[in-house]
Amino acid sequence: MILRIYGHDFHYECENLCRVFFPNEKINIVYDDSGEDELTVVTKYEEGTVSADVTVNGESRSLRKETDDESAELNLAKLIFAALSDLTGYTPPWGVLTGVRPSKLMLRLIADMGEEGARDYFEKGLLVSEQKTKLAMTVAAAEDKIVSSSKPESFSLYVSIPFCPSRCSYCSFVSHSIANSNAKKLFPEYLEKLAEEIELTGKTARENGLRLESIYFGGGTPGVLEASQLDMLQCAIERYFDLSSIREYTVEIGRPDTVTAEKLAMLKLHKVDRISINPQTFNQETLDLIGRKHSVEQAINAFRLAKGYGFKCINMDLIAGLPGEDFGIFRDSLDTAVMLSPENITVHTLALKRSSTLNYEGTQVSAGNEAKKMLDYSYQKLIQSGYSPYYMYRQSKCVGNLENVGWCKPGTEGLYNVFMMEECHTVLAVGAGGVTKLCQPGGTNVERIFNYKYPYEYISGFDVITSRKDGVTEFYSRNGVK
C-alpha cells in the first residue's frame, strides 16, 4: 500500500488510519509520485483545503474540504476515514480516534463541556459510534471512582518477571523463554538482583513518606517461578515495605500450565488476593498455532484448582482476532469463560506489534468487521452475565482499531489496572523492563525512570539501575507529598 503525503506532516495519523482498514498490508509512505500500488491513498493540504484521493482495487474516491490550520489534521483524517469506509465496507466504530485512553479523554471532555457536549464531540467530532461512546462513558465513570480514591502519597509496586515457558507468536514484550538454556542460566542471579532492588525501593518509599496501595507481579509469566522463588520475593516485599495500607495484591500467574497447588498455597500464605490465569482462547488449534504450550483442558483445570483456594478475584484473558479464528470460535471461547464464571474477564483485541513473530512472518489476521463482531458479542454476553466494564485501553496496530476492556463482577475491579493506565499515582517498578512512573501529587506532571530491558543487561548494569532510583527522591523533593 502507498500513502502519499503532500504539503503536511500528518503522516502518523494518516498511516494509523490506513492500518485500521488494512492491518495485513505494508504501508509505504512517500512524498512524491514514485511507486504504484492497487491500494493508494493520496493526501494533500494546500491553500486552506485538505484532500484525500483513495484507490482500492481499481475503485476510487476523491474528497475535499476547506479547513483552517488548527482543524486540518482532524479534517484530513475524516476524509480518509469516509473514503476507506465507503470503499472497504468497514466503518471502524472508534471513528478517527486513535488514542490509547479513550476514557481519559472522555473524562476531560465531560469536565470541560458536560456529558452531552462530550457525547456530541465523540459521535460528531470524532465519528465514534454510539455504542463505543457509551462504553467510553461507562468506563470513565468507573475509572473516575477508583482514581478519586488515590491519595497524594499513594503508590503501587510493579514486579517484573520477564520469563515465559515459551514465546507466543503475537508477543512483543521483553520476555525470554526459560526453555532457552541461556535464559535459564540467568534466572537465579536475576532473582537475586530483583530482591536487592526490592530492598532499595522499599527504603526509598519509606524515606519519601509514600503509602503502598497495590502490588502487581507481571511479566512475562510470573507463574514460571517455583513456589520457593515466589516465597523469597514475597518475603522480601514483606520485609522492606509497609503493607498496612495495601488494598490489593495481584500475581498474574499467566500460563495455565504453570499453575500448581504448591504455588497457589504459597500465594494465599502471603495474602495475595487476585490472580490471573490466561487461556487467551479455548480453541486447541489456535493454542498450538500461536505457541501456547498448554491445552484447553489444562486451562479449565487450572482455573478450577485456583477457585478452590478462595482468592477474592481470578481474572481470565481472551484475545479477539487471533489468526485462524472466526467469530464462531471466539464466541465459543467467551461462552466457556463465562461458564467458568471468573470474577474478571479481560477481552483484548489482537495487536500486530512490530517485533512479534506474527508481524515478522506476515500472518493473516481477522479483518475489522470480523473482530468487531467478536467485541460486539463480548459486550452483549458479558453485560447479560452480570459483568460491567471498568477499565479500557487501546494499542497501536490493534485489529480494526478496536479496544481492550477489563470486565468485572460487582466489587471486583482491579485497582492497579486503573492506577497504572490513568497515571493518577506513582508506580515504582522493579525488575528488567520495569518503568517507574512518578506522578506529581495533586498535579499532572509524570516522569519516568527506565530499568534496562533485558535480564542480562539488568544484571550487568545493576549499579546503574540502583543509581537511577535516586531520581525518585529528587522527584519528591521537587514535588513533595502534600
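Everything that follows concerns the structure shown earlier in this document.
Notes on the structure follow. (Residues numbered from 1 in each chain as written. Predicted model: local features only at pLDDT ≥ 70, side-chain atom pairs only at ≥ 80, totals over all residues. Heavy atoms only, no water.)

## Topic: the overall build of the protein chain
Broken down by element type, the protein chain carries 16 helices and 18 strands. Buried positions account for 56% of the 482 residues belonging to the protein chain. The contacts of the protein chain with a sequence gap of at least 6 include a subset with a gap of at least 24, amounting to 72%. Accessible area of the protein chain: about 20300 Å², with a carbon and sulfur share of 48%. (Helix = DSSP H or I, 4+ residues; strand = E, 2+ residues; numbered from the N terminus. Buried < 20%, exposed > 50% of the residue type's maximum accessible area, 1.4 Å probe, protein only. Contact = heavy atoms within 4.5 Å. Areas by Shrake-Rupley, 256 points an atom, 1.4 Å probe, with all protein chains shown as cover.)

## Considerations on helix α4 (residues 130-147)
Given a rise of 1.5 Å per residue, 18 residues ought to cover 26 Å, and the 25 Å separating the end C-alpha atoms of α4 matches this to within 8%. Where α4 is concerned, the buried positions are Lys132, Thr133, Leu135, Ala136, Met137, Val139, Ala140, Glu143 and Ile146. Of the surrounding elements, those touching the buried residues of α4 are α3 (102-125), α12 (368-384), β14 (388-393), β15 (404-408) and α13 (415-422). (Expected span 1.5 Å × (residues − 1).)

## A closer look at helix α16 (residues 470-478)
Residues of α16 that are buried: Gly471, Val472, Phe475 and Tyr476. Axial view of α16: buried residues confined to an arc of 135 degrees, hence all on one face. Among the exposed residues of α16, those oriented more than 90 degrees off its buried face are Ser477 and Arg478. (Arc of directions from axis to C-beta.)

## What to know about unusual backbone geometry
Along the chain, Gly219 connects to Gly220 via a cis peptide bond; the corresponding omega equals 10 degrees. Structurally, Gly220 is set in the loop between β9 (211-219) and α6 (227-240). If you check the backbone angles, Lys271 has positive phi at about 65 degrees while not being a glycine. Locating Lys271 in the fold gives a position in the loop between α7 (261-269) and β11 (274-277). Note on Lys271: relative accessible area 69%, which makes it exposed. Although it is not a glycine, Asn401 adopts a positive phi angle of roughly 60 degrees. Relative to the assigned elements, Asn401 resides in the loop between β14 and β15. By relative accessible area, Asn401 is classed as buried at 7%.

## Thoughts on the pattern of salt bridges
Tallied over the entire structure, the rule returns 21 salt bridges. Notably, a salt bridge pairs Glu59 with Arg61, separated by 3.0 Å at the nearest N-O pair. Take Glu59: its relative accessible area is 40%, and that puts it in the partly exposed class. Judged by relative accessible area, which is 24%, Arg61 ranks as partly exposed. Where Asp332 meets Arg331, a salt bridge forms, and the shortest distance between an N and an O atom there is 3.4 Å. (Salt bridge = Lys/Arg side-chain N within 4 Å of Asp/Glu carboxyl O.)

## A closer look at the sheet that holds strand β2 (residues 28-30)
With mixed pairing, the five strands of this open sheet are ordered in space as β2-β1-β3-β4-β5. Of all the strands in the sheet, the pair left with one neighbour each is β2 and β5 (59-66). Strand-to-strand twist in this sheet, taken as the mean axis angle between neighbours without regard to direction, amounts to 15 degrees. The sheet contact formed by strand β1 (residues 2-6) and β2 spans three bridges and is parallel. Paired with Arg4 across the bridge in β2 is Val30. In this fold helix α2 (residues 72-88) packs onto β3 (39-46), β4 (49-56) and β5, with an angle of close to 25 degrees to the strand it touches most, β4. (Pairing = 2+ DSSP bridges. Axes fitted to C-alpha atoms, helices over the stretch in contact; angles between N-to-C directions.)

## Quick look at the environment of Gly400
Within the secondary structure, Gly400 is located in the loop between β14 and β15. Classification of Gly400 as buried rests on a relative accessible area of 2%. Along the sequence, Gly400 and Val128 sit 272 residues apart, while their C-alpha atoms lie 13 Å from each other.

## Thoughts on the packing of α6 against α7
Between α6 and α7, the least distance of the axes is 9 Å, while the angle of their chain directions is 15 degrees. As judged from the angle between their axes, α6 and α7 are roughly parallel. Seen from above, α6 lies across α7 with right-handed handedness. Of α7, the residues touching α6 (which contributes Ala227, Leu230, Asp231 and Gln234) are Glu262, Lys263, Met266 and Leu267. Its residues assigned to classes, the contact of α6 with α7 shows four nonpolar, one polar and three charged. (Parallel < 35°, antiparallel > 145°, perpendicular 65-115°, else oblique. Left-handed = near helix turned anticlockwise from the far one by under 90°. Nonpolar A, V, L, I, M, F, W, Y, C, P; charged D, E, K, R; others polar.)

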